[in-house]
Amino acid sequence: MKLLVIEDSERLRRSLGHGLRRAGFAVDLTPDGREGLAYAEINDYDVIVLDLMLPGMDGLTILRTLRQKGRKTHVLILSAKDQVQDRILGLELGADDYLVKPFAFEELCARVRALIRRRYETKSPSIHLGEVEIDTARQSVLVQGEPVALTPTEYALLELLALRRGRVVTREQILAQLYESEDEVASNVVEVLVCSLRKKIQPAGTPPVIVTRRGRGYLIEASSP
Amino acid sequence: MRSIRRRLIVPLLAGSCLLTLAAGLLLDNLIIRRLRAELDHALLAKARALVTLTHQADGAVEIDFADEFMPEFSARNAPEYFELWLADGTVLERSHSLGGRDLPRSPRLAREPLFRDLRLPDGRPGRLVEVAFVPQAEDDDDAWAEKLMDPTAPLPHDQLRTAVLVLARSRRELDLLIRSLYAVSFAVAALLASALGLLVHLSIRHGLRPLDEIGRQVETLDAERLDLRIRPRSPTLELTPVVERLNALLARLQIAFERERRFSSDIAHELRTPLAELRSLAGVGARWPEDREAVRAYFADVDAIARQMESIVVNLLSLARCDSGQESLERAEVDLRELIAETWSRFAPDAEAKGLTFELDAGPRLTAISDRGKLRLILANLFSNAVTYSPAGSAVSCSATVADGKLEVAVANPAPLLQPGDLPLLFERFWRKDSARADALHAGLGLPLAKAFADLLGYALTAELDGGRLVLRLHGVATLQRAGVSSFREP
């Protein structure tokens, strides 16, 4: 899952970037409003975490511009402005959530995950794929009832495919969603990752959970076993 | 509580009622006097008529009185009465109406008529006139008539030649008339007083209506609605200055409230951001404590956040002390050039890192009597501002002069983002130009604090844009006077 954090406080940006990455998200960070808008227009983020008082361009202008251009990316406003009218204005301009500073990091993560579920029209944090059960809130995976240890990237790939089940996810989409910079990863990283994941979650003697579509990408069937 | 309406109505009503009553009584008195005088005049005229009927001949006094010519003296109902005596008390004649009774007479003998009230023999209230006179003799000429009319003319010593006449008639009609007059007068006075009261009440109510309207409008004001202004529907000459002053006061209150509200909101906002940083650091650090390197770096961040919050609190406290006049001053001789150089030295490393050049234009002997510490704080804030917001590689300049007892220090630096409209906001607490918000070290309190210290020292701190350069100019008297600063205290 890929996030964009537009926040002018350097220290907050740094700790958010660290925490969100450790939570399994790919995160782009920028302190500048104009730069943030450019990122949001170019990339397909699952959620944008947006401060309001920003150098270059204020957060509400960024939000208004995105909505005017038809971008439906979920936006969570993260602001020190705590007045009811500030929150109403933000939500009416098209924000999907509003969190007032100071905030608990875990709450931010939970809200971001809730927005991601909304994006993929899944209300429950649990996803059942036959013998495989994913708890997106706790970021844990059970195979035939037994917990399986996945690396953050493996988990992110499984969640990405599970949330888009029934649809083919291309190699490029996987790279864009899991890695902050595609230039820095090896060319066969996706194949290696899929292979590693399959070994950990594929119960013996059952149809494959992750199916390869040659030349197109990977998918988890909608009616997964 | 005292009421203007009551204070106007009570004296006006009481005064008008008293005046009406007094005028009525005076008028009544005049009319009654006139009526009584008329009665007395009629009595005297009739008495003189009877006197002309009295004459003397051969030492005897007689009266040619006949009832048929004057039937009022023998009438059964409401008769009149008279009695005629000689001076020695011998009754010469009395009216039939007396029925042999006497009318009262006084023991004196005088031509001057005497009037008095009495109870008539038939029980009615009456009025009498008593005159002493010398009956006319056959040989009397016009002199007798003149004496008769002259009350000062002496009477003869011979009492046999002097007669006394008492004439009495009822005054019931007069008394009734007087009572009616009193009744009518009091009724008119009461009506007049009521009408006056109503008139006074209506006039005052009408006159005070603009005041009532202002009162109602003032009642609607509260701290949440200070944008409202008092607007009377029909302005009055007397109340317009009051309304103008009130509206001016409201405008000042609104500005002060808005400033206070914005200030509180700004404080909250400025503290929310470092608090958010702290909570985020704590949250992430507690969630993944095994990331030792990252967590170790967080301690430096926490320390920086604490310093930033400390700086905000210290600056706010200094501002509060300046506002309340609790900041004390220490007068000392200050070498301005040396102080500027010393203060700049603190910022020189940062300036160098940004590639800024510094030009100081100040003579060698620039001495002022001032508070060195406060002056250094002002300069430090001006330099900090210049170093932070000057574009890299640009020039910061400082000039200082002391001439004719006046001190001036000007700090100038390029400010490409600043607009003329920003200048009045430079000294607003927590104000920063948009991009400055990214700088956690500057909370927008430096220039307000410099201004507060300048005010404390009796200096002016002004800002101007000169060809894209921001010039902050500190100027005032070179010798800090004790009387010049209200909160001056000796160290």
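Scroll up to find the structure.
To start, this report covers the structure provided alongside it.

Reading guide: rules and limits
Residues numbered from 1 in each chain as written. Chains lettered and ligands numbered in written order. Predicted model: local features only at pLDDT ≥ 70, side-chain atom pairs only at ≥ 80, totals over all residues. Helix = DSSP H or I, 4+ residues; strand = E, 2+ residues; numbered from the N terminus. Buried ≥ 20, exposed ≤ 12 C-beta atoms within 10 Å, placed from the backbone. Contact = placed C-beta atoms within 7 Å. Pairing = 2+ DSSP bridges. Axes fitted to C-alpha atoms, helices over the stretch in contact; angles between N-to-C directions. Nonpolar A, V, L, I, M, F, W, Y, C, P; charged D, E, K, R; others polar. Parallel < 35°, antiparallel > 145°, perpendicular 65-115°, else oblique. Left-handed = near helix turned anticlockwise from the far one by under 90°. Expected span 1.5 Å × (residues − 1).

Things to note about the overall build of chain B
Right, on to step 1. For chain B, the count of helices and strands is eight helices and 15 strands.
Right, on to step 2. Going through the 491 residues of chain B one by one, you find that 23% of them count as buried.

Quick notes on the environment of valine 169 of chain A
All names here are of chain A.
Right, on to step 1. Relative to the helices and strands, valine 169 is located in the loop between helix H6 (152-163) and helix H7 (171-178).
Right, on to step 2. By the C-beta count within 10 Å, which is 22 here, valine 169 ends up buried.
Right, on to step 3. Between the C-alpha atoms of valine 169 and glycine 217, which are 48 residues apart in sequence, the distance is 5.5 Å.
Right, on to step 4. The residues touching valine 169, leaving out its near neighbours within four places in the chain, are Leu160, Leu161, Arg164, Ile174, Gly217, Tyr218 and Leu219.

Things to note about the sheet that holds strand E12 (residues 395-403) of chain B
All names here are of chain B.
Right, on to step 1. Ordered in space as E10-E12-E13-E15-E14, the five strands form an open sheet in which the pairing is mixed. Lying at the two open borders of the sheet, with one neighbouring strand each, are strand E10 (357-362) and strand E14 (460-466). Averaged over all adjacent pairs, the angle separating strand axes in this sheet is 15 degrees, with direction ignored.
Right, on to step 2. Contacting E10, E12 and strand E13 (406-414), helix H6 (residues 336-353) crosses the sheet at an angle of about 175 degrees to E10.
Right, on to step 3. Sitting on the sheet, helix H7 (residues 372-389) touches E12, E13 and strand E15 (469-477), and the angle it makes with E13 is about 20 degrees.

Side note on the interface of chain B and chain A
Right, on to step 1. Listed by partner, the interface residues are 22 residues for chain B and 19 residues for chain A.
Right, on to step 2. Listing elements by their share of the side of chain B that touches chain A, those giving two or more residues are helix H4 (240-287) and helix H5 (292-323) of chain B.
Right, on to step 3. Ranked by residues supplied to the side of chain B that touches chain A, first place goes to H4 of chain B with twelve residues.
Right, on to step 4. Across the side of chain B that touches chain A, the residue classes tally to ten nonpolar, five polar and seven charged.

Concerning the packing of H6 of chain A against H7 of chain A
Residues and elements named next belong to chain A.
Right, on to step 1. Where H6 contacts H7, the two axes come as close as 11 Å, and the packing angle between them is 125 degrees. Regarding the angle of H6 to H7, the classification is oblique. Crossing angle aside, the handedness with which H6 passes H7 is right-handed. From H6, Thr153, Ala156, Leu157 and Leu160 reach across to H7, where they touch Ile174, Gln177 and Leu178.
Right, on to step 2. Of the residues that constitute the contact of H6 with H7, the class distribution is five nonpolar, two polar and no charged.

Notes on the environment of arginine 161 of chain B
Residues and elements named next belong to chain B.
Right, on to step 1. Looking at the element boundaries, arginine 161 is found in the loop between helix H2 (142-149) and strand E8 (163-170).
Right, on to step 2. A tally of 16 C-beta atoms within 10 Å means that arginine 161 is categorised as partly exposed.
Right, on to step 3. For the pair arginine 161 and alanine 137, spaced 24 residues apart in sequence, the C-alpha to C-alpha distance is 9.7 Å.

With respect to H5 of chain B
Right, on to step 1. For H5 of chain B, built from 32 residues, the straight-helix expectation of 46 Å at 1.5 Å per residue is met to within 8% by its first-to-last C-alpha distance of 46 Å.
Right, on to step 2. On its buried face, H5 of chain B is in contact with helix H1 (10-22) of chain A together with H4 and helix H8 (446-457) of chain B.
Right, on to step 3. At the C-terminal side of H5 of chain B, glycine 325 of chain B shows a positive phi close to 70 degrees.

Concerning the sheet that holds strand E9 (residues 146-148) of chain A
Residue and element names in this part refer to chain A.
Right, on to step 1. Strands sit in the order E6-E7-E8-E9 across an open sheet of four strands; the sheet is antiparallel. Here the strands that pair on one side only, and so sit at the sheet edges, are strand E6 (126-129) and E9. Ignoring which end each strand starts from, the neighbouring axes of this sheet average 25 degrees apart.
Right, on to step 2. Examined bridge by bridge, strand E7 (residues 132-135) and strand E8 (residues 140-143) share four bridges and lie antiparallel to one another. Each residue of the ladder has a partner; that of isoleucine 134, found in E8, is valine 141.
Right, on to step 3. Where H6 meets the sheet, it contacts E6, E7 and E8, and its direction lies at approximately 105 degrees from that of E7.

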